[in-house]
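Structure at a glance
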Amino acid sequence: MSESLEMPETLDTKHAFRATMSRLASGVSVITTRSGDAPIGVTASAVTSLSMEPLQLIVCISNRLFTRSAIAEHGRFAVNILGEGGQALAKNFATSKEDKFAGVRVSEEHGVPVLTDAIASVVCDVSAALPGGDHTIFVGDARHFEHQVEARPLVYFAGAFGAMT
């Protein structure tokens, strides 16, 4: 039988939780959508496949980000998986600057910006938006997807970008 310890949520416990979870290596993606005529995007690591029938994935977006409301309004988003050497793109979309898309090559073929330099992309229609603490969990039905066979992913671990060896 295991025991459960309840920890009060303090700044120290939140810091410790964040440090602990940083040991979970993850891929790096840029989530893109549209708000009216404007392209919108944010770097994310909380992305995973969900289901094969139907083809679904989930992305988790902070409730404080405009990207969250843009995805909810537009109803479609793209997951752009970054490859080795994609650190500049990841950092660009992690900032709060106004035009994150300046100088970034995209395709608009599927109704949302898809980053040309991504090693893989999945365009999804939102099928559900679920509460997840201070984030929204978007379930996306995959409508279009493609990948580069020989490409290797950009990895995020312990607060730094890296590559698989």
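This write-up is about the structure you can find in this document. Worth saying up front: this structure is predicted, and the values here are computed from it rather than measured.

The next thing to look at is the side chain of Ser26. Relative to the helices and strands, Ser26 resides in strand β1 (residues 26-27). When sequence neighbours within four positions are dropped, the list of residues in contact with Ser26 reads Ser45, Leu154, Val155 and Tyr156.

Going from Glu53 to Pro54, the amide bond is cis rather than trans, its omega being 0°. Mapped onto the fold, Pro54 is located in the loop between β4 (47-52) and β5 (55-62).

Our next topic: the sheet that holds strand β3 (residues 38-44). Spatial ordering of the open sheet is given by β3-β2-β6-β9-β10-β5-β4, a layout of 7 strands whose pairing is antiparallel. The open sheet terminates on both sides in strands that have one partner only, identified here as β3 and β4. Each strand axis lies, on average, 35° off the axis of its neighbour in the sheet, ignoring direction. Pairing between β4 and β5: 5 bridges, direction antiparallel. Within β5, the residue paired with Val47 across the bridge is Val59.

Ile31, Leu57, Val59, Ile61 and Phe77 are the most contacted members of the largest nonpolar core, which totals 13 residues. Of all the secondary structure elements, the ones that give two or more residues to this core are β3, β5, β6 (76-81), β9 (120-132) and β10 (135-147). Setting aside residues up to four positions removed in sequence, Val59 forms contacts with Ile31, Ala46, Val47, Phe77, Val79, Thr136, Ile137 and Phe138. Membership of the second largest hydrophobic core comes to 11 residues, among which are Leu89, Ala90, Phe101 and Val104.

Here we come to the pairing of strand β12 (residues 160-163). Pairing of strand β11 (residues 154-157) with β12, which is carried by 4 bridges, proceeds in the antiparallel orientation. Bridge pairing links Leu154 to Ala163 in β12. Hairpin connection, β11 to β12: the antiparallel pair is bridged by 2 residues, and Ala158 has positive phi, about 50°.

Further remarks concern the environment of Thr13. Relative to the elements of secondary structure, Thr13 occurs in helix α1 (residues 11-21). In sequence terms Thr13 and Ile137 are 124 residues apart; their C-alpha atoms lie 23 Å from each other.

As defined by bridge partners, strand β2 (residues 29-35) adjoins β3 across 7 bridges and the pair is classed as antiparallel. Residue pairing across strands places Thr32 opposite Gly41, the latter belonging to β3. Counted between consecutive antiparallel strands, the loop separating β2 from β3 contains 2 residues, among which Gly36 sits at a positive phi close to 65°.

Before going further, it helps to examine helix α3 (residues 87-94). Within the span of α3, buried status applies to Leu89, Ala90, Asn92 and Phe93. Buried residues of α3, seen end-on, are gathered within an arc of 160° and therefore sit on one face of the element. Among the exposed residues of α3, those pointing more than 90 degrees away from its buried face are Ala88, Lys91 and Ala94. The inward-facing, buried residues of α3 contact β2, β3, β8 (114-115), β11 and β12.

Here we come to the pattern of salt bridges. For the structure shown, the criterion picks out 6 salt bridges. In this structure, Arg152 and Glu84 form a salt bridge, with 3.3 Å as the shortest nitrogen-oxygen distance. In this pair, Arg152 is assigned in the loop between β10 and β11 and Glu84 in the loop between β6 and α3, connecting sequence segments 68 residues apart. Judged by its relative accessible area of 39%, Glu84 falls in the partly exposed class. Across the pair Arg143 and Asp141 runs a salt bridge whose closest N-O atoms are separated by 3.6 Å. Given a relative accessible area of 15%, Asp141 falls into the buried group. Each of Arg76, Asp125, Asp141 and Arg143 takes part in salt bridges that share partners, so that together they form one network.

So, how was this worked out
Residues numbered from 1 in each chain as written. Predicted model: local features only at pLDDT ≥ 70, side-chain atom pairs only at ≥ 80, totals over all residues. Heavy atoms only, no water. Helix = DSSP H or I, 4+ residues; strand = E, 2+ residues; numbered from the N terminus. Contact = heavy atoms within 4.5 Å. Pairing = 2+ DSSP bridges. Axes fitted to C-alpha atoms, helices over the stretch in contact; angles between N-to-C directions. Core = buried A, V, L, I, M, F, W, Y, C linked by side-chain atoms within 4.5 Å. Buried < 20%, exposed > 50% of the residue type's maximum accessible area, 1.4 Å probe, protein only. Arc of directions from axis to C-beta. Salt bridge = Lys/Arg side-chain N within 4 Å of Asp/Glu carboxyl O.

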